[in-house]
Amino acid sequence: EPVAGVIFYNSNAANVCMALYLRLFTRVRILHNVEDIYEPKFNDWTAGSKTHPLQNLYFSLGQRLMGLLVDGYIVPTERFLARLSSRPIASVVTGCIEIEGTTPKKPAAPLRVLYAGKIESEHGICQFMDALQILDHRHEAPAFEVDISGAGDQSDFVLDAARSLKNINVRFHGFISKDQYTRLLCDADICLALQDPSGRNAQFKTPSKVYEFIGYGKAVITTDVGDLARLSPHVLQMVPSLCPWDLAALLAQLSRDTMAVSTLQKAARKHAIKYYSYDAVGEVIANMINQTD
């Protein structure tokens, strides 16, 4: 059968050229899957900036050019649509993951807590380690163990902070293989994604790992970024602010209530099957490609 539609994931030069060719010489529906928004800022060029200014400028230009060529957008949050060119069709697809056949394991003390992703200040790693310090100094430390995987400029800070803890076991794995990460994820009871709601990229990027965690049926702790606040509190737990004390309180609460953790896990898995599975997302994309303007 002839190709009915093409989805571009990125806005690099090769994709822009291919989109231009398709627009000029074919009638296929062209969609752009926009995972991140690129908007250059003068502060990106200052010392201490964590953003790569040339890369941001390059993809920003590509994103604007793609906006002139595509028929519609697939975005992870409605917040992105206001920053993109107006198009006839657009769909918010917050997650897409192959749903594993096994159900979540029954949580039991000590719970396994997983922080995975960028070990950078904008992703809440400093507040997380401070929360662990708060809990570590309590008379009875919570009944959980912590695994941290990933890489970033705060790795040395994490190592030093982990060594200072006396009552909470923290294992820092650094950058690991996909198989190692999958084992950590499968063993986890609670997963954290703590992107700073007031950070540089709060309006431009979304924590994709949240949807992975939900897809694996984990109890998820996150922050108010993207469209996460629209999800039911039965699906995930959102800290009111990226504050170590709020985070410590929520971790302590869940560590005392394995039933609540289990309830979150079941709700997360149910939500993922309904909205993030290949069948569910495939139907959304097929409707976009076949839609009549």
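The numbering scheme is per chain: residues are counted from 1 as the chain's sequence reads. Local features in a predicted model are, by the rule used here, given only for residues with pLDDT of at least 70; side-chain atom pairs are given and counted only at 80 or more, and totals for whole chains, interfaces and linings are based on all residues. Heavy atoms from the whole structure form the basis of all side-chain values; hydrogens and water molecules are not counted.

A. Inspection of the overall build of the protein at higher detail. Comment: elements are numbered from the N terminus, with helices defined as DSSP H or I runs of at least four residues and strands as E runs of at least two. Secondary structure assignment for the protein yields nine helices and 10 strands. Only C-alpha atoms enter the radius of gyration, while the globule expectation follows 2.2 Å times N to the 0.38, with N the number of residues. Expected size for 293 residues packed as a compact globule is a radius of gyration near 19 Å; at 21 Å, the protein falls within 12% of this value. Overall, the C-alpha framework of the protein stretches about 70 × 45 × 35 Å when taken along its three principal axes. In this description, contact between two residues means that some pair of their heavy atoms is separated by no more than 4.5 Å. Considering only contacts in the protein between residues 6 or more positions apart, those separated by 24 or more positions represent 73%.

B. Representation of helix α9 (residues 278-290) in the model. Between the first and last C-alpha of α9 there are 18 Å, a value that for 13 residues agrees with the 18 Å anticipated at 1.5 Å per step. Residues of α9 that are buried: Ala 280, Val 281, Ile 285, Met 288 and Ile 289. Next to the buried residues of α9 lie β1 (5-8), β2 (29-33), β3 (72-75), β4 (89-92) and α8 (258-275). A helix's residues, less one, multiplied by 1.5 Å, set its expected span. Buried residues are those whose accessible area, probed at 1.4 Å on protein chains only, stays under 20% of the maximum for their type, while exposed residues exceed 50% and partly exposed ones sit between those limits.

C. Broad picture of the sheet that holds strand β8 (residues 190-193). Pairing between strands is defined by DSSP: at least two bridges between them are needed. Ordered in space as β7-β6-β5-β8-β9-β10, the six strands form an open sheet in which the pairing is parallel. The open sheet is flanked by β7 (170-174) and β10 (237-238), the only strands paired with a single partner. Across six bridges, the pairing between strand β5 (residues 111-116) and strand β6 (residues 144-149) is parallel. Paired with Ala 116 across the strands is Ser 149, a residue of β6. Here helix α5 (residues 178-187) sits on the sheet and contacts β5, β6, β7 and β8; the angle it forms with β5, its principal contact strand, is near 135°. Axes here refer to lines fitted to C-alpha atoms; in helices the fit is confined to the stretch in contact. Angles between the N-to-C directions go from 0 to 180 degrees.

D. Looking closely at the packing of helix α1 (residues 13-25) against helix α2 (residues 53-67). Contact geometry for α1 and α2: axes closest at 10 Å, N-to-C directions at 10°. By the angle class used here, α1 and α2 are roughly parallel. Judged by residue contacts, Ala 13, Asn 15, Val 16 and Ala 19 of α1 engage Tyr 58, Gly 62, Leu 65 and Met 66 from α2. Considering only residue class, the contact of α1 with α2 consists of six nonpolar, two polar and no charged. Geometric relationships in this document are graded by angle, where less than 35 degrees denotes roughly parallel, more than 145 denotes roughly antiparallel, 65 to 115 denotes roughly perpendicular, and other angles denote oblique. Note on residue classes: Ala, Val, Leu, Ile, Met, Phe, Trp, Tyr, Cys and Pro are nonpolar, Asp, Glu, Lys and Arg are charged, and everything else, Gly too, is polar.

E. Looking closely at the packing of helix α3 (residues 125-136) against helix α4 (residues 155-164). Between α3 and α4, the shortest axis-to-axis distance is 10 Å and the interhelical angle comes to 5°. Compared by their axis directions, α3 and α4 come out roughly parallel. On α4, the residues touching Ile 125, Cys 126, Met 129, Asp 130, Gln 133 and Asp 136 of α3 are Phe 157, Val 158, Ala 161, Ala 162 and Ser 164. Considered class by class, the residues forming the contact of α3 with α4 number seven nonpolar, two polar and two charged.

F. Representation of the nonpolar core in the model. Among the nonpolar cores identified, the biggest contains 36 residues, and Phe 128, Ile 148 and Ile 221 are the most heavily contacted of them. Among the secondary structure elements, those contributing two or more residues to this core are β5, α3, β6, α4, β8, β9 (219-222), α7 (244-255) and α8. Considering every element that reaches this core, the biggest residue donor is α3, with eight residues. Core analysis: the second largest hydrophobic core is formed by 24 residues, Leu 114, Ile 214, Val 225 and Tyr 276 among them. Buried Ala, Val, Leu, Ile, Met, Phe, Trp, Tyr and Cys residues that are joined via side-chain atoms within 4.5 Å together make up what is termed a nonpolar core.

G. A nonpolar patch on the surface, seen in detail. The patches described consist of residues with a relative accessible area above 30% and no salt bridge, like charges being joined within 9 Å and nonpolar side chains (Val, Leu, Ile, Met, Phe, Trp, Tyr) within 5 Å. Note on areas: Shrake-Rupley, 1.4 Å probe, and residue coverage restricted to the protein chains presented here. The rule for a salt bridge is simple: a side-chain nitrogen of Lys or Arg has to be within 4 Å of a carboxyl oxygen of Asp or Glu. There is a patch of nonpolar side chains on the surface, built from Met 18, Leu 20, Tyr 21, Leu 24 and Phe 25 and spanning about 550 Å² of accessible area. If you trace the backbone, Tyr 21 turns up in helix α1. On the basis of relative accessible area, Tyr 21 is assigned to the partly exposed category, the value being 46%.

H. Structural detail: the sheet that holds β2. The parallel open sheet is built from four strands, whose spatial order is β1-β2-β3-β4. Looking at which strands have only one partner, the edges of the open sheet turn out to be β1 and β4. Pairs of neighbouring strands in the sheet enclose a mean axial angle of 20°, with direction left out of account. Relative to β3, β2 runs parallel, the two sharing three bridges. The residue of β3 that forms the bridge with Leu 31 is Gly 72.

I. The arrangement of the environment of Pro 53 in detail. Its place among the elements puts Pro 53 in helix α2. In this view, Pro 53 contacts Asp 44 and Trp 45; residues no more than four positions away in its chain are not counted.

Any functional reading would require information that these geometric values do not contain.
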